[in-house]
Amino acid sequence: MHRILALLAVFTFAYRAFGGNAVNPDAIELAPLPMPVEFKSDMDSPVPFDRDTVVTLECPDEAAAAWLSAHFAEWYGEDAPKVRGAVATSATLPDGDEAYSIVADANGVKIAARSLAGVRWAAYSIRQLAIAKRGTFNTKGRILPTFTISDAPHLAFRCVHLCWFPEVRKEQIERAIRLAAMLKFNYAILEPWGMYASERHPWWSWPEATMTKAEVRRLAAIGKDLGITLIPQIAAFGHAGQGRSITVKHSVLDLKPEFEPLFEPGGWNWCLTNPETQRVMRELIVEMLEDFGNPPYIHLGCDEAQPPTCPECRKRPYGELVCDHIAGLAVFIKEHGARAMMWHDMLLDKDDGRWKGFVAFGSKATATLADTLPKDVVICDWQYSYGDMKEVRKDWPTIGYFKEKGFPVCGAPWRNYNSMGPMAEYVSRVGGFGLLLTTWNHLRGGDWRDMYVYGAGAAWGTPPVRKAPMYDTSFALALRFVGHDMHVTDKRDTGIYDFEVPLGWWPPW
Ligand SMILES: [Zn+2]
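None of these values were measured; they are calculated from a predicted model. (Residues numbered from 1 in each chain as written. Predicted model: local features only at pLDDT ≥ 70, side-chain atom pairs only at ≥ 80, totals over all residues. Heavy atoms only, no water.)

### Notes on a nonpolar patch on the surface
Where nonpolar side chains cluster on the molecular surface, the patch consists of V501, W505 and W506 and spans about 390 Å² of accessible area. Considering the arrangement of structural elements, one finds W506 in the segment after helix 14 (470-486). (Patch = residues over 30% accessible without salt bridge, like charges linked within 9 Å, V, L, I, M, F, W, Y side chains within 5 Å. Areas by Shrake-Rupley, 256 points an atom, 1.4 Å probe, with all protein chains shown as cover. Salt bridge = Lys/Arg side-chain N within 4 Å of Asp/Glu carboxyl O. Helix = DSSP H or I, 4+ residues; strand = E, 2+ residues; numbered from the N terminus.)

This is the structure:
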């Protein structure tokens, strides 16, 4: 609680500074996303940030100075400031491996951090505050406001969940990964939706799948450099056709009916008692873990599953059948150096009065999983709505329930923006695992912007940079840097919509 009070004090101070100056009380002070825990800035006293600037870096990780130099060179070319590394740190940093501090004034720029991760977050804050020197036709060096930042994340696991739908271009996935890193998320889950081009099991995807081995490896390498670890997902139970229920599409059975035995009738679930299903799934898991560069986690989905239909699966008690399946996969995954994650809903009984009004459930049978599953499976508790997606609740009893059962638990919000901060606060309060920001079919437009801005703020324990037009300015700057880093040339790879107005607005009649 004292952290909240401290934040309020800081923001009271910081926001006053954003009210402009004596001449221009309406003027705007730039702010990086997410809003740092402590941030004081004065754009009325800009300082140079160009090739003559020395950035002193105090960080015990000797690789950090080289990383910072390389990225300044990438971002600023011949105007890049110089980096002078120093191992000892004299700055007072907040707690945590990822903490960082920055002082920018007439003497230069000084960064302190305990790790390369902290240096990255510092660099992204600086990047969002640096603007071109004024008064010239084209950029001749940059300036920064005089500012100080002292910052550390509220939660150690800060993840975005990205859906590689057939309609989502790979460029949009890359933009979403890069922007998540810029906003200081450190993990991104990629769910394939029929788009992972497995070499071992090419029948698993839609034709011409764009999530190729080469593309996944390229993105994983980019993520590693930027400080965001990519995590694969496989729908290991329900959603077996890698489609949304609303579309009734199936990435396998619609075009390749010969694989029917691998699935329950209708195809929504895998047939868990079929040993061939178990073999295929393990081979896919191994292939994906390799392509993703052996990440520490893999997400197994397991949301919205249905009870068994086929005669073999009907022979086994439902809870036991599912537990054996997930526990078996979790052990297998652990043998391959990673940990399983899964959605939470099957672990709640819809008839349990404690969860009245919550969004998704399993049955009495599947709720036994909360007692029987291995306790190192990360439970991702997706909570989107208590009525209108806007409710702000302080307590999240299902998150507390999984924590009490001994699981690492993530809060997983979606478009319920106002609940993201309180959810992250609750996760932190109960010693939960982290925040998993889902985006689903809303990775575009204002929803994309708001999910990222509010989610990043929640994960760092600060309010979103909400005051317009500062909000839009900060987001536009961050997103535009992503485009520059990708060297985009297609207008669709800019902004938050593909087109300025919807195509087909002027039909020929
Ligand atoms: Zn079956």
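### Quick word on the pattern of salt bridges
Charged atoms that come close allow side chains of opposite charge to pair. Evaluated as defined, the whole model comprises 30 salt bridges. R354 is the salt-bridge partner of D352, the closest N and O atoms lying 2.7 Å from each other. One salt bridge connects D371 with K405, and the closest N-O pair in it is separated by 2.6 Å. Placement of D371 in helix 10 (residues 369-372) and of K405 in the loop between helix 11 (397-404) and strand 14 (409-412) is noted, with a sequence separation of 34 residues between them. Owing to a relative accessible area of 26%, K405 belongs among the partly exposed residues under this scheme. By sharing partners, the salt bridges in this structure join R169, K170, E171, D493 and D498 into a single network. (Buried < 20%, exposed > 50% of the residue type's maximum accessible area, 1.4 Å probe, protein only.)

### Quick notes on the sheet that holds strand 14
What the 8 strands build is an open sheet, ordered 10-9-8-15-14-13-12-11; its pairing is parallel. The two strands at the open ends of the sheet, each matched to only one other strand, are strand 10 (229-232) and strand 11 (297-299). Across the sheet, the axes of successive neighbouring strands diverge by a mean angle of 25 degrees, strand direction being ignored. Of the pairings in the sheet, the one linking strand 8 (residues 157-163) to strand 9 (residues 187-191) comprises 5 bridges and is parallel in character. Across the sheet, L162 pairs through a bridge with L190, a residue of strand 9. (Pairing = 2+ DSSP bridges. Axes fitted to C-alpha atoms, helices over the stretch in contact; angles between N-to-C directions.)

### Quick look at the nonpolar core
Membership of the largest hydrophobic core comes to 164 residues, with the highest contact counts inside it found for L144, L300, M346, L347 and Y452. With near-sequence residues (within four places) excluded, Y452 lies in contact with V160, L162, A176, L179, A180, L183, F185, L437, T439 and L443. (Core = buried A, V, L, I, M, F, W, Y, C linked by side-chain atoms within 4.5 Å. Contact = heavy atoms within 4.5 Å.)

### Digging into the confidence of the model for the protein
In the predicted model, the protein carries a mean pLDDT of 93, and 93% of its residues have values of at least 70. Note that pLDDT drops below 50 for residues 1-17; the model gives that stretch 26 contacts with residues more than four away or on any other chain. (pLDDT = per-residue confidence, 0-100.)

### Overview of the coordination of the zinc ion
Ligation of the zinc ion by protein atoms is provided by E264 (OE), C271 (SG), C310 (SG) and C313 (SG), these donors lying 1.9 to 2.3 Å from the ion. Geometry at the zinc ion is tetrahedral, judged from its 4 donor atoms and the angles of 101 to 114 degrees they form at the metal. For the zinc ion, the single-chain donor residues occur in sequence as E-x6-C-x38-C-x2-C. In this pair, E264 sits in the loop between strand 10 and helix 6 (275-291) while C310 sits in the loop between strand 11 and helix 7 (311-314), placing the two residues 46 residues apart along the sequence. (Donors = N, O, S within 2.8 Å, 3.2 Å for Na, K, Ca; no water. Tetrahedral: all angles 85-135°; square planar, octahedral: opposite > 155°, others 65-115°.)

### A look at the packing of helix 2 (residues 63-76) against helix 3 (residues 116-129)
Where helix 2 contacts helix 3, the axes come no closer than 10 Å and their chain directions differ by 25 degrees. Accordingly, the angle class assigned to the pair helix 2 and helix 3 is roughly parallel. As for the relative orientation of helix 2 and helix 3, their crossing is right-handed in sense. From helix 2, A64, W67, L68, W75 and Y76 reach across to helix 3, where they touch L116, V119, R120, A123, Y124 and R127. (Parallel < 35°, antiparallel > 145°, perpendicular 65-115°, else oblique. Left-handed = near helix turned anticlockwise from the far one by under 90°.)

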